[in-house]
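Overview (structure and organization)
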Amino acid sequence: AMICGTSGIGKSKLSQEFARSVNDDGRSIFLSGRFDRLESQPLHAISSAFDKYCAWVTMEDQSTAEKVSTALKENMGDEMACLVTVMPNLANILGDDFNFNQSSKNDDTAVDAQKRLRYLFCQFVDVISRCHEEPLILFLDDCQWIDNASVALLNQILMISGSAIKDHRFFFFGACRDDEMSESHPLNSMLTSMNCFGTKTTKIQLTSMSKGALNEMVSTELSLLPRITRSLANILHHKTKGSPLFVKQVMMELYKQRLLYPSLSRRRWVWETNKILDMKIPDNVATFITNTFDRLSFEVVSALVVLSCFGASADISLIEVLEREIQQPLIAPLDDAVAHSVLGKRNGKLYFMHDKLQEAAYSKMKPEERCLHHNRYGLALGFVAVRERDDRLLLTAV
Ligand SMILES: Nc1ncnc2c1ncn2[C@@H]1O[C@H](COP(=O)(O)OP(=O)(O)O)[C@@H](O)[C@H]1O
Ligand SMILES: [Mg+2]
């Protein structure tokens, strides 16, 4: 299935809620990855989803881990070592006695190596889908940015795993901004050819929220009865045309401007209806976000621009290295951006709260300047990577 809709309409949120519901009652094994416009490693979204599966299996009970390990070794043998390079956690399933050096067939051309990797991935999916009673669900977000290598791999997984799909052992669903994809987008061509070969796909089109749905959202956010929030929700619906991202951004702005605030005496959120009605708001969320950025300090915006060159998120340790190398304050201003809800901070990473925010930061650079920025940060990190023999950092630098 494909969940389609414009940016900010709620595709990722719907997928997260779905993942939560199937994970909570243990009805399936949910694997997810997302494409990033600036991701430099091909196949990263798909391999990271399966790598998370490998990490999960090793955390499960011993018998599950052993079952998966035995099935993989019996069906795939030494060839699997090749998959370890793209899924490092697979090594933990295979154990220390596995021969990890067998894989490199140096006479492979690049094309053969890619074909072999695709074939191994398909076998891997088939084998693991037989190891569990629960079906495997693979979710890939932001498929509008899928790369050609990933389309080829996904296509092969979905075609070859036909029997797993028919037996309800394996499901795939993706999310994409269909309004930003042309007819000839590689994903559209893939879906069309899959339909021709008889693999059924379902399209779920998300549209703007109705007044009622938006009121439910506002009522939940403010912990107030829907009849109390209806007046505010109606104004927000008029101003945002029902885009959830736009509603959230406007509500945050209302809070910052003290037009929406917690009242201690009334012990609830209150708002200034007339002032909100008079507020001038651009007719799209992108312009709204850009205008919000203009109210942040120069230092914060400059740091956001640097972060945006690394995609939707970056390791804090990487930003610390970069800060030292380019001698520009980054960590403190980015913390400020966290306080302004532009960024979030989790698991040692700084991430943009939404890809529209990353795009807004990235678009602060003129198109002709972007190369210079990438070059500067890449070189700075490259020097450190070579000096400290850090392969991962080198890959990011490249
Ligand atoms: N049904 C909903 N109820 C509450 N918040 C929502 C809902 N749908 C989306 N949001 C919020 O709106 C913002 C944009 O949603 P998101 O799923 O990231 O959009 P998309 O993936 O389509 O770009 C997020 O902050 C999300 O939490
Ligand atoms: Mg999304």
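Residues numbered from 1 in each chain as written. Chains lettered and ligands numbered in written order. Predicted model: local features only at pLDDT ≥ 70, side-chain atom pairs only at ≥ 80, totals over all residues. Heavy atoms only, no water.

As recorded in an unreviewed UniProt entry, the chain goes by Orc1-like AAA ATPase domain-containing protein and comes from Skeletonema marinoi.

**Description of the overall build of the chain**
Applicable threshold: Elements are defined by DSSP. Helices are runs of H or I of four residues or more, strands are runs of E of two residues or more, and each kind is numbered from the N terminus. Each residue is assigned to one of three classes by its accessible area relative to the maximum for its type, calculated with a 1.4 Å probe on protein chains only: buried under 20%, partly exposed between the two thresholds, exposed over 50%. Two residues form a contact once any of their heavy atoms are found within 4.5 Å. For every accessible area listed, the method is Shrake-Rupley and the probe measures 1.4 Å; residues are considered covered only by the protein chains on display. Under the convention used here, Asp and Glu are negative, Lys and Arg are positive, and both His and the chain ends fall outside the count. Working definition for charges: the position is that of NZ of Lys, CZ of Arg, CG of Asp or CD of Glu.
When helices and strands are tallied, the chain shows 20 helices and 10 strands. Viewed in the frame of its principal axes, the chain has a C-alpha envelope of about 70 × 50 × 45 Å. The proportion of buried residues among the 398 residues of the chain is 47%. Considering only contacts within the chain whose residues lie at least 6 apart along the sequence, 70% involve residues at least 24 apart. Surface summary for the chain: the accessible area is close to 20900 Å², and the carbon and sulfur share equals 52%. Of the charged side chains in the chain, 45 are positive and 49 negative, and the gap between their average positions amounts to 9 Å.

**Quick notes on the site of ligand 1**
Counted only if it meets this: Near is defined per residue: the residue qualifies when any heavy atom it owns lies within 4 Å of the molecule or strand. Think of a polar contact as two N or O atoms within 3.5 Å of one another; within protein, one of them needs to be a possible hydrogen donor and the other a possible acceptor, and neighboring residues in sequence only count if both atoms come from side chains. Segment limits for the domains were obtained from an automatic or database-derived domain assignment.
Within the structure, ligand 1 sits among 13 residues, and G8, K11, S12, K13 and H354 are positioned closest to it. At a separation of 2.8 Å, an oxygen atom of ligand 1 approaches a polar side-chain atom of S12. Out of a free accessible area of 560 Å², ligand 1 has 77% covered by protein chains. Contributing elements (two or more residues each) for the shell around ligand 1: helix 1 (11-24) and helix 12 (244-256). Composition of the shell around ligand 1 by domain shows at least three residues from each of domain 1 (2-205) and domain 2 (211-281).

**Examining empty space enclosed by the protein**
The cut-off we apply is this: Cavities and pockets were defined on a 1 Å grid built from protein atoms only: a cavity is a group of points that admits a 1.4 Å probe but offers it no way out, a pocket is an open group of points flanked by protein on both sides within 12 Å along at least five of seven lines, and a lining residue is one with an atom within 4 Å of any such point. Grid points are joined across faces, edges and corners, and a volume is the space filled by probe spheres set on the points. Each residue receives one of three labels: charged for Asp, Glu, Lys and Arg, nonpolar for Ala, Val, Leu, Ile, Met, Phe, Trp, Tyr, Cys and Pro, and polar for the others, Gly being one of them.
For the structure shown, the criterion picks out two cavities of 30 Å³ or more. Roughly 90 Å³ of internal volume is contained in the largest cavity. Lining the largest cavity we find Q249, M252, E253, K256, I289, T292, F293, L296, H340, S341, V342 and L357. At the level of elements, helix 12 and helix 14 (285-294) are the ones that each hand at least two residues to the lining of the largest cavity. Here the lining of the largest cavity gets four residues from one element, more than from any other, and that element is helix 12. Each residue belonging to the lining of the largest cavity can be placed in one class, and the counts come to six nonpolar, four polar and two charged. There are two domains that each give the lining of the largest cavity at least three residues, and those are domain 2 (211-281) and domain 3 (291-397). Forming the boundary of the second largest cavity are R34, D36, R37, W145, A312, D355 and Q358. Taken together, the residues that form the lining of the second largest cavity break down as two nonpolar, one polar and four charged.

**Quick word on unusual backbone geometry**
Of note in this structure, D142 is not a glycine but carries a positive phi near 55 degrees. With relative accessibility at 4%, the residue D142 sits in the buried group. The phi torsion at R267 lies on the positive side, around 50 degrees, for a residue other than glycine. Inspection of the secondary structure assignment puts R267 in the loop between strand 6 (260-263) and strand 7 (268-271).

**Side note on the packing of helix 15 (residues 298-308) against helix 18 (residues 355-362)**
Selection criterion: Axis lines are fitted to C-alpha atoms, over the contacting stretch for helices. Their N-to-C directions set the angle, which ranges from 0 to 180 degrees. When describing relative orientation, an angle under 35 degrees is termed roughly parallel and one over 145 degrees roughly antiparallel, while 65 to 115 degrees is termed roughly perpendicular and anything else oblique.
It is at 8 Å that the axes of helix 15 and helix 18 come closest, and there the two elements cross at 110 degrees. Taken together, the axes of helix 15 and helix 18 are roughly perpendicular relative to one another. Taken together, the residues of helix 18 that come into contact with helix 15 (itself represented by L304, V305 and S308) are Q358, A361 and Y362. Its residues assigned to classes, the contact of helix 15 with helix 18 shows four nonpolar, two polar and no charged.

**Things to note about the pairing of strand 4 (residues 170-176)**
So the rule is basically this: By definition, two strands form a pair when at least two bridges between them are found by DSSP.
Most of strand 4 is tucked away, with six of its seven residues classed as buried. In the sheet, strand 1 (residues 2-4) pairs with strand 4 via three bridges, with the strands oriented parallel. In the sheet register, M2 faces strand 4, and the bridge partner there is G174. As paired elements, strand 3 (residues 136-141) and strand 4 share five bridges and run parallel to each other. Within strand 4, the residue paired with L138 across the bridge is F172.

**Some points on the packing of aromatic side chains**
Which entries qualify depends on this criterion: When the centres of two rings from Phe, Tyr and Trp lie within 6.5 Å, Trp using its six-membered ring, the rings pair. Their planes under 30 degrees apart give stacked, over 60 give edge-to-face, and anything left gives tilted.
If you walk through the whole model with that rule in mind, you get 11 aromatic pairs. Consider the rings of Y53 and F124, whose centres lie 6.3 Å apart with planes at 85 degrees: the pair is edge-to-face. Here Y53, found in helix 2 (residues 44-59), pairs with F124, found in helix 6 (residues 110-131); they are 71 residues apart in sequence, far enough to count as distant. With respect to class, Y53 is no different from F124; both count as buried.

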